Structure formats: structure tokens, C-alpha cells
Amino acid sequence: TQKDIATPIRTREILRKYGFSFKKSLGQNFLIDANILRKIVEHAGLTKDTGVIEIGPGIGALTEQLAKSAQKVVAYEIDQRLFPILEDTLSPYDNVHIIHEDILKADIQQMIQTKFTESTEIMVVANLPYYVTTPIIFKLLEENLPIRGIVVMLQKEVADRISARPGTKEYGSLSIMIQYYTLAETAMIVPKSVFMPQPNVESAVVKMILREKPAVEVKNESFFFQVVKMGFLQRRKTIMNNLAGGLPGGKSKKAEILAALTAAGIDSGRRGETLSVEEFGVLSDALFEEFG
Ligand code: SAM
């Protein structure tokens, strides 16, 4: 049997055979460490009934390990130069399906309905292209997909923001958006040396398990997210001042804003970065009638 794809030797061999050159603009940093891959697969908790959606299979390093543990893997790859390579490297696995599409343009809901009829649960597992990390995660969460969770490699700096708690400097609208939909944690920090070529930044694997219901029940989701963004408009300002600056007509409606803050039980002198997801939820509901 052949060696794993994710070794420096086999990866170089494959790249040379096909004359493949990395495209930085597509975030191409391939994993060459089988140990790290095993850990990613472990964190995803796959079973023989799990369907896996992968984003950016590259030359198949992670795809191969996923195929060994899961029921089926459907992988989206944008770079057509990789298609013949993947056909070759993944030929031993009959439970892998590659889709030649930009994940941001894909109809994932439709794909799930046709490709995962035999899976009892679905996980997204990927070593993400770093130039589109947050658009990809938002797409996955906002489309209300029937997935159990998302386990992905991304920039450590983004991982820190995703798992951040209120009151820390990493805590921001990204933390809240993701913690609203999921229970998120950083599963491990990953050094640059396990990639080829090595990225400029440290990496981390983040595990996001979807909540059965969002963290807080709100009257209007898009208004909630607007209020969250306002809360962080200027970090040094109070929630009162940021809302006055961000809400339509807010400058002349300070009394109404103050009343909403009071109704929500939030001191008007606090900074937005100290509010929990739940507090932002209660606050956005209190503001909704006047400003929504
Ligand atoms: N999974 C492989 C590995 O771990 O070795 C490769 C990971 S590499 C960090 C990211 C991959 O995503 C590349 O293969 C790249 O071509 C692909 N990619 C970049 N943008 C994409 C997009 N918008 N949709 C789908 N794939 C994309």
C-alpha cells in the first residue's frame, strides 16, 4: 500500500509529477504532517455514518484521512489544476466526491440533499484557505445547514477571536456572531512547520458545535447583529455613545437609548466589549421597537 499523502516526501513527489506550483492568492498551504491530520479527524469525532464536507482538498492530504474514517466525503475545490491530481491521489477511495466549485458560490443545501442521503450526521472539516476564512464560516452558519459542527484549521489570530470571552481584547463581533450559533473552542495550536509552503502566521484548529437553538432568543436576528456591530464601533467608547453614533437618529434619541439600556439591565457607562452574547440579545430586543 502507498504512503499517506501528507508526508513531505510523497507531497513533493506529487507536486513534481504534475509540475504544480502553489498559488498564494488561493491560500494554498498543504499539510504534510500525518499526526496533525489524525488529531483533526479525532476532534471531528467522525464515525462510519458521518458525511463530511471538506473545503479545499488541495492534493488530498486531509481528504484521505477523512475518507478512512467517515461514511463519505464531499470536497469543494476551486483550483482546476488540482482536479487531475486529486483523481490520481484519491483513487483508492470510493467514498470521495470532488466538486469543482468556489465554496462561496456553492448551493450546499442542495448538495446535502442529494449527496448525504445515507449519512446520519454531517460535519464540515477543512484546512481553510486563509484569505476567505470568515466569509466561509459565516456562509456555513447563516445558511442554516443541517450540520453537527465545523472543525477547521485557520489563523491562530482568528481562532483567538472566535473563542474569546467578554472583556478581552480579542472579543468582538466575530466572537459573538459565532458564539451565537455554536459552542466554539480552540482545539489545538499548530506550528507553521506542518505546512508546505509554510504560512506567514501561526495556525490553530477550532471546533464549533452547532447549538440546538441560538445562544439567545431575539426578536430580529439581523437587528441583533447590527447592534452587536455598533457595540464595537469604537472600542474605547461606552455602549451608550456607540449606540448613539450607530443607531438611526441615535444622536437625538439618547433618552430612548438610555431607557432601553436600563430596561435591559445594562449600565450605560459600560463598554460594548464587556457585554455577553445574552446581554447583546436582551439589549437589541429593548431597542428594537424604537430603532428596528
Ligand atoms: N486540504 C489541503 C491540505 O490540508 O493540505 C489544502 C488546504 S489549503 C490551506 C486550501 C485549499 O483551498 C487549496 O487547495 C485552495 O486551492 C482551495 N481554495 C481556495 N479558495 C477556495 C474557494 N473559494 N473554494 C474552494 N476551495 C478553495
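Residues numbered from 1 in each chain as written. Predicted model: local features only at pLDDT ≥ 70, side-chain atom pairs only at ≥ 80, totals over all residues.

**Digging into the pairing of strand β6 (residues 149–155)**
- The element β6 is extensively covered by neighbouring structure, given that 6 of its 7 residues are classed as buried.
- After leaving strand β5 (residues 121–127), the chain enters helix α6 (residues 133–142) and then returns to the sheet as β6, a path that is right-handed.
- Bridge analysis of β6 against strand β9 (residues 203–210) gives 7 bridges, and the strand direction is antiparallel. Within β9, the position partnered with Gly149 by the bridge is Ile209. (Buried ≥ 20, exposed ≤ 12 C-beta atoms within 10 Å, placed from the backbone. Helix = DSSP H or I, 4+ residues; strand = E, 2+ residues; numbered from the N terminus. Right-handed = clockwise from strand over helix to strand, strands pointing away. Pairing = 2+ DSSP bridges.)

**Some thoughts on the pairing of strand β3 (residues 72–76)**
- With 5 of its 5 residues buried, β3 lies for the most part within the structure.
- Note: strand β2 (residues 50–55) against β3, 5 bridges, orientation parallel. Considered in β3, the bridge of Ile53 is made with Val74.
- Taking the sense of rotation as the criterion, the β-α-β connection linking β2, helix α3 (residues 61–69) and β3 turns out right-handed.
- Sheet topology places β3 next to strand β4 (residues 96–99); 4 bridges connect them, and they run parallel. Paired with Ala75 across the two strands is Ile98, which belongs to β4.
- Once the chain exits β3 it traverses helix α4 (residues 83–89) before rejoining the sheet at β4, and the crossover so formed is right-handed.

**Here we look at the UniProt feature "binding site: S-adenosyl-L-methionine" (unreviewed entry) in the protein**
- UniProt marks Asn29, Leu31, Gly56, Glu77, Asp102 and Asn127 with the feature "binding site: S-adenosyl-L-methionine" (unreviewed entry), using the numbering shown here.
- Note on placement: Gly56 falls in the loop between β2 and α3.
- Setting aside chain neighbours within four positions, we find Gly56 in contact with Glu77, Ala126, Asn127, Leu128 and Pro129.
- Along the chain, Asn127 falls in strand β5.
- Residue class for Asn127 comes out buried when judged on the 27 C-beta atoms lying within 10 Å of it.
- What Asn127 contacts, discounting residues up to four positions off in sequence, is Leu31, Gly56, Leu62 and Met153. (UniProt positions renumbered as here; feature names shortened; annotations may be inferred. Contact = placed C-beta atoms within 7 Å.)

**Topic: the site of the ligand**
- Lining the immediate environment of the ligand, one finds 22 residues, of which Phe30, Gly56, Gly58, Asn127 and Pro129 sit closest.
- For the shell around the ligand, the secondary-structure elements that each account for two or more residues are β1 (30–31) and α3.
- Taken together, the residues that form the shell around the ligand break down as 13 nonpolar, 6 polar and 3 charged. (Near = placed C-beta within 6 Å. Nonpolar A, V, L, I, M, F, W, Y, C, P; charged D, E, K, R; others polar.)

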